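Take a look at the letters that make up each chain.
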Amino acid sequence: MKIENKNIVVTGANRGIGAAIARELLKHKIGKLYAAARKIENLPDFRDKRVVPLALDITDPKQVKAAADKAKDTHVLVNVAGTAHFGTTLDNAMEAVTADMDTNYYGTLYMMRAFVPVLHKNGEGLIANVSSIAGLAAFSSIGGYSASKAALHSLTQSARSELIDRKIHVVGIYPGPIDTDMAKDFPMEKASAESTARLIVAGIIAGDEYIFPDPMSKESGALWMRDPRALEKQFAVRPEPAATDAA
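Source: prediction; values computed, not measured.

Trainee: Break down the nonpolar core for me, citing the residues and quoting the values.
Mentor: In terms of nonpolar packing, the biggest core is built from 34 residues, with Val10, Ile21, Leu25 and Val78 touching the most fellow members. At the level of elements, β1 (8-10), α1 (16-25), β2 (33-37), β4 (76-79), β5 (125-130), β6 (168-173) and α5 (193-206) are the ones that each hand at least two residues to this core. The next biggest cluster of nonpolar side chains, apart from the first, holds 26 residues, and it includes Val9, Val64, Leu152 and Ala159.

Trainee: Which residues make up the environment of Met101, and what values go with them?
Mentor: Assignment of secondary structure puts Met101 in helix α3 (residues 94-121). Considered as a pair, Met101 and Ser148 are 47 residues apart in the sequence and their alpha carbons are 4.8 Å apart.

Trainee: Please provide a residue-by-residue account of the sheet that holds β1, values included.
Mentor: The seven strands lie next to each other as β3-β2-β1-β4-β5-β6-β7, forming an open sheet whose pairing is parallel. A strand with exactly one partner marks an edge of an open sheet, and here the two such strands are β3 (51-55) and β7 (210-211). By the bridge criterion, five bridges tie β2 to β3 in an arrangement that is parallel. If you follow Ala35 over to β3, its bridge partner there is Pro53. Of the strands in this sheet, β1, β2 and β4 touch α1, which is tilted by about 160° from β1.

Trainee: For the packing of aromatic side chains, give the residues involved together with the corresponding values.
Mentor: For the structure shown, the criterion picks out five aromatic pairs. Every member of this aromatic cluster is reached through a ring pair, and the members are Tyr174, Tyr210, Phe212 and Trp224.

Cut-offs applied
Residues numbered from 1 in each chain as written. Predicted model: local features only at pLDDT ≥ 70, side-chain atom pairs only at ≥ 80, totals over all residues. Heavy atoms only, no water. Core = buried A, V, L, I, M, F, W, Y, C linked by side-chain atoms within 4.5 Å. Buried < 20%, exposed > 50% of the residue type's maximum accessible area, 1.4 Å probe, protein only. Helix = DSSP H or I, 4+ residues; strand = E, 2+ residues; numbered from the N terminus. Pairing = 2+ DSSP bridges. Contact = heavy atoms within 4.5 Å. Axes fitted to C-alpha atoms, helices over the stretch in contact; angles between N-to-C directions. Phe/Tyr/Trp six-rings, centres within 6.5 Å; stacked < 30°, edge-to-face > 60°.

See the structure below:
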């Protein structure tokens, strides 16, 4: 996928992987970068005239439609915005489980439905969805989050086949623990957001359909492709995070 002169939307661009991906993309000769966040005042100062702030709560269909109307020259959509609540599927508050599903699955689906006509109109396009290795095999300590990312993984696969005829490529991104606020209570070695973003952008340019952008995800992704049940067993014995809300 050539990204030169392409206009790109990045959701969740206010922090973490989203902000790092935005900065990495700006190292290339792209066109506009629509940096989306719930509150644009929380966006970092990217110090680049190509950046267009975009106020967007992806769980609000009206805001999603407004964003698609504003960014109607978009060629690439990078869905990063997400939430993560710690707790098991059966014991965690339903509000927490629902919040993860509303953002990670339904919110991303709203974005895809709104932007597919935009991408199709503008020629060959690309959608990149940030799922998680937890979407390939669940961590019980983040059961609701894992389920929401598994749903996003399924959505990504479905859309990949649905959009072939419209010349829209669909990419799945499956990070492991990354050193961000969201993962601060997860007791594992974490890759930096910057190194993760470099590998994500490199994978997009290379045309990879599955991107595993950090050491743990590379290992886990390779195991998942060989033996999904083995990965499930491996994750079942991982240490559990502190019981706090990291959304």
